[in-house]
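Observations on the model geometry
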Amino acid sequence: MNRRNALKGLGMGAFGALGFNASAPDACADQVQNASKGLEPLKITKVRAITTSPMSARLVIIKVETSEPGLYGLGCGTYNQRPLTVVTAVNEYLDEFARGRDVDDIEDMWQNAYTSSYWRNGPVLNNALSGLDMALWDIKGKRANMPVYQLLGGRSRFAVDCYSHASGRDFKELEDSVKSKIEEGYRHVRIQLGGYGSTHLSTEPHYKKGGFGLDSDGHMDSLPYLRATPKMFEHIRSTCGEAIELLHDVHERIEPIEAIGLLKELEQFRPFFIEDPLAPEQNGYFKNLRAQTSVPIAMGELFNNPHEWVDLITDRLIDFIRVHITQVGGFTPARKLATLGEWFGVRTAWHGPGDLSPVGHAANAHLDMNIHNFGIQESVHFNEAMREVFPGAPNMKNGYMHVNDAPGFGIDINEKAAAKYPYPDHPGYWTPVRRRDGTAVRP
Ligand code: MG
C-alpha cells in the first residue's frame with residue numbers, strides 16, 4: 001500500500017496521520033514542515049512524445065514519467081499541420097529541461113518552461129508546453145486519487161453540453177444532416193453549406209487558366225458565400241424549428257466589412273454564435289462589429305498569445321472564447337483564461353475538433369465540468385481505433401460529453417495499439433484557398 005492509499009485507508013489527512021500535537025512547539029514546527037509537503041516528493045524522470053493517427057489526424061501525446069514506478073501522466077500537444085516540430089521540441093528540449101524537477105509544482109514548471117526558450121507564444125512550443133502541463137495535472141489527479149475537475153473545485157454541471165457539426169452541399173442535404181443531429185440528442189448544431197466558406201459555390205477560378213498556383217489549390221469568392229449563408233439560416237430555421245440553437249463558422253474567410261454586413265443580416269435568425277468572423281490579424285475591427293450587431297461572437301480558434309485575447313475580453317467585444325487549449329500552452333493558461341472571462345461575461349467554447357487527441361478532449365471536458373462560465377463544447381465522435389488507443393476517452397450521450405471519474409483525466413494510452421496507426425503519408429498542411437484572381441484567402 002503506498003502512502004496516499006494508507007492515509008485514505010486511515011481516513012486521516014496528513015496532520016492526523018502525523019499525530020499533530022499543538023502543545024509541543026518544536027515538534028510542531030517539524031511536523032508542519034513535513035506535513036506541508038503532503039505527498040512524498042516525486043521527480044520527473046522522462047518526458048517523451050508519442051505519435052499516432054487512429055482517426056486521420058496526426059496526434060501528438062506527451063507522456064511524463066516519474067520516480068514512482070508506474071505513475072505517469074498524459075498530455076496533448078497535437079498540432080496536426082506541424083506535428084514533428086512538436087515531437088522535436090518535446091524530445092530534444094523539454095525532456096532535458098523537466099527531468100529532475102518536482103511533479104507537483106505545476107505553476108512553477110509552466111512559468112519556467114514557458115520562458116526556457118526565451119522567445120515564446122508560438123504554436124510549436126505552446127503545444128509542447130501543453131503536453132507537459134496537462135500531464136502534470138493528470139499526475140496530480142492520480143496522486144490525489146481524484147479526477148482533475150475535483151482539484152479545481154468540483155462540478156458546476158452534471159455533464160458537458162456539446163454542439164455537433166452539420167453540413168450539406170445544398171439546403172436539403174444540410175437540413176437532413178441537422179435533423180439527424182437533433183435525433184442524436186444535440187440541442188446545438190453548427191451549420192455549414194459545404195466546406196468552410198461554401199467553396200463549392202465559387203465556380204470561376206480564373207487564376208488556374210492564368211497558370212497561377214497549383215491545380216490542387218482551393219477557390220472561394222466572397223459573394224456566393226455571402227448570398228447563400230442568410231438563405232441557409234432561413235431554410236434551417238423554417239424546416240428545423242426555433243428550438244434548435246444554430247451556430248456557424250465564418251472561418252475568417254471574408255473581409256472585415258463583409259463580416260459586419262453578414263452578421264447584421266444573420267441577426268434575425270438568432271444564431272447561438274457566429275464563429276471566427278474575423279482573422280486574428282483584424283482584432284481591431286471587433287469594436288466596429290460589436291457596435292453594429294448583437295449577434296453573439298465566438299472568437300479565438302487561432303489564438304496563441306495572451307495579447308490576442310485579453311483586450312477582446314476586458315473590452316467585452318466577444319461573447320465566447322474558443323481557443324484550442326493546446327495552442328495556448330495547455331490546461332494551466334486555459335484555466336486562467338476561463339477565469340478572466342468569468343468577470344467580463346465571456347463564456348467558453350473550447351475548440352474541440354478531430355485534430356485534438358482524446359486526451360485534449362478530456363482536458364477540455366474537465367475544465368468545462370468545473371468553470372461557472374462554461375458556454376458550449378465542440379465535440380467529435382471517436383472511432384473504434386481511437387477508443388482502442390485511448391481507453392477511458394470521454395463518451396457522448398444525448399449531446400452531452402461525459403468524462404469518467406478515474407483519477408487524473410481518466411484516460412490512458414495503449415502504446416502498442418498506438419503504433420498500429422502511423423501518420424498518413426501526406427504532410428497535412430492547410431490547403432491554400434484563393435480568390436478568383438489567385439489572391440490568397442486567410443486561412
Ligand atoms: Mg472554427
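Residues numbered from 1 in each chain as written. Predicted model: local features only at pLDDT ≥ 70, side-chain atom pairs only at ≥ 80, totals over all residues.

So, about the pairing of strand S7 (residues 245-249). Across the five residues of S7, four count as buried, placing the element largely inside the fold. By the bridge criterion, three bridges tie strand S5 (residues 188-193) to S7 in an arrangement that is parallel. Bridge pairing in S7 links Arg190 to Leu247. (Buried ≥ 20, exposed ≤ 12 C-beta atoms within 10 Å, placed from the backbone. Helix = DSSP H or I, 4+ residues; strand = E, 2+ residues; numbered from the N terminus. Pairing = 2+ DSSP bridges.)

Let us look at the nonpolar core. Counting 116 residues, the largest nonpolar core has Leu132 and Val359 as its most contacted members. Per-element accounting of this core gives the leading share, nine residues, to helix H6 (residues 123-144). Residues lining this core come from more than one domain, with at least three contributed by each of domain 1 (44-147) and domain 2 (150-405). (Core = buried A, V, L, I, M, F, W, Y, C linked by C-beta atoms within 7 Å. Domains from an automatic or database assignment.)

Moving on, we come to the pairing of strand S3 (residues 72-76). Here S3 lies mainly inside the structure; five of its five residues are buried. The alternating pattern of S3 places Tyr72, Leu74 and Cys76 on one face and Gly73 and Gly75 on the opposite face, and all of these are buried. With five bridges connecting them, strand S2 (residues 59-66) and S3 associate as antiparallel partners. The residue bridging Val64 from the neighbouring strand is Gly73, located in S3. Here S2 folds back onto S3, and the loop between the two strands holds five residues, one of which, Gly70, carries a positive phi near 85°.

Each assigned domain of the chain is listed here: domain 1 (44-147) and domain 2 (150-405). Between domain 1 and domain 2, the C-alpha centre-to-centre distance is 26 Å. Broken down by secondary-structure element, the contributors of at least two residues to the side of domain 1 that touches domain 2 are S2, S3, helix H5 (106-115) and H6. The dominant element in the side of domain 1 that touches domain 2, judged by the number of residues it contributes, is H6, at 11 residues. Of the residues assigned to the side of domain 1 that touches domain 2, the class counts are 17 nonpolar, 12 polar and three charged. (Nonpolar A, V, L, I, M, F, W, Y, C, P; charged D, E, K, R; others polar.)

Our next topic: the packing of helix H4 (residues 83-98) against H6. Packing of H4 against H6 leaves a shortest axis separation of 9 Å and a crossing angle of 55°. In terms of their interaxial angle, H4 and H6 are classed as oblique. When you trace H4 past H6, the crossing you get is right-handed. Seen from H4, the contacting residues are Thr85, Val86, Ala89, Val90, Leu94 and Ala98; seen from H6, they are Val124, Leu125, Asn127, Ala128, Gly131 and Leu132. Tallied by class, the residues present in the contact of H4 with H6 amount to nine nonpolar, three polar and no charged. (Axes fitted to C-alpha atoms, helices over the stretch in contact; angles between N-to-C directions. Parallel < 35°, antiparallel > 145°, perpendicular 65-115°, else oblique. Left-handed = near helix turned anticlockwise from the far one by under 90°. Contact = placed C-beta atoms within 7 Å.)

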